[in-house]
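Read off the chains here:
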Amino acid sequence: MLQLAGAVELAVQFAAMVRGVLALPLCDWLNKGDAAIAQEIRGFARTLRQDEAAVQAGMSEPCSNGPVEGQVNRLKLIKRQMYGRAGFDLLRARVSAA
């Protein structure tokens, strides 16, 4: 039970850091993650540490590519729905109509 409580606490802290609610430095959280009892948290911290600079930039920069990713996802969905029906002209018509 102690393992689960520690993992939940670290997960909540990380989520708060990403949302900007908690001002804990990333390196401090990674040190806590490396010392965690839960193997999953240790693995997550190890993976984040591989590109720590990118994670830090993602958490501190005000800009986001979320809207672009949303449009790409929408285009892929439309394309999958039309698979085998027609070519690029119909895809263009559906995208511009939406």
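Worth saying up front: this structure is predicted, and the values here are computed from it rather than measured.

1. Here's the deal with the nonpolar core
If you look at the biggest cluster of nonpolar residues, it comprises 13 residues, and the most contacted ones within it are Leu10, Phe14, Leu26, Trp29, Leu30, Ile41 and Leu48. Elements with a contribution of two residues or more to this core: α1 (2-19), α2 (26-34) and α3 (39-50). No other element matches α1, which puts 4 residues into this core. Those residues within four positions of Leu30 in sequence are excluded, and the remaining contacts are Ala45, Leu48, Arg49 and Glu52.

2. Regarding the environment of Gly6
Mapped onto the elements, Gly6 comes out in helix α1. The class for Gly6 is partly exposed, based on a relative accessible area of 26%. For the pair formed by Gly6 and Gly33, sequence separation is 27 residues and the distance between their alpha carbons is 9.7 Å.

3. Notes on the pattern of salt bridges
One side chain can pair with another of opposite charge once the charged atoms of both are near each other. The tally for this structure, following the rule as stated, stands at 2 salt bridges. The salt bridge partner of Asp34 is Arg49, with a shortest N-O separation of 2.8 Å. On the criterion of sequence distance, the pair formed by Asp34 in helix α2 and Arg49 in helix α3 is long-range, its members being 15 residues apart. For Arg49, a relative accessible area of 31% puts it in the partly exposed group. One salt bridge connects Arg49 with Glu52, and the closest N-O pair in it is separated by 3.9 Å. The partly exposed category is assigned to Glu52, whose relative accessible area is 26%. In the salt-bridge network here, residues are joined through shared partners; they are Asp34, Arg49 and Glu52.

Reading the values: the criteria
Residues numbered from 1 in each chain as written. Predicted model: local features only at pLDDT ≥ 70, side-chain atom pairs only at ≥ 80, totals over all residues. Heavy atoms only, no water. Core = buried A, V, L, I, M, F, W, Y, C linked by side-chain atoms within 4.5 Å. Buried < 20%, exposed > 50% of the residue type's maximum accessible area, 1.4 Å probe, protein only. Helix = DSSP H or I, 4+ residues; strand = E, 2+ residues; numbered from the N terminus. Contact = heavy atoms within 4.5 Å. Salt bridge = Lys/Arg side-chain N within 4 Å of Asp/Glu carboxyl O.

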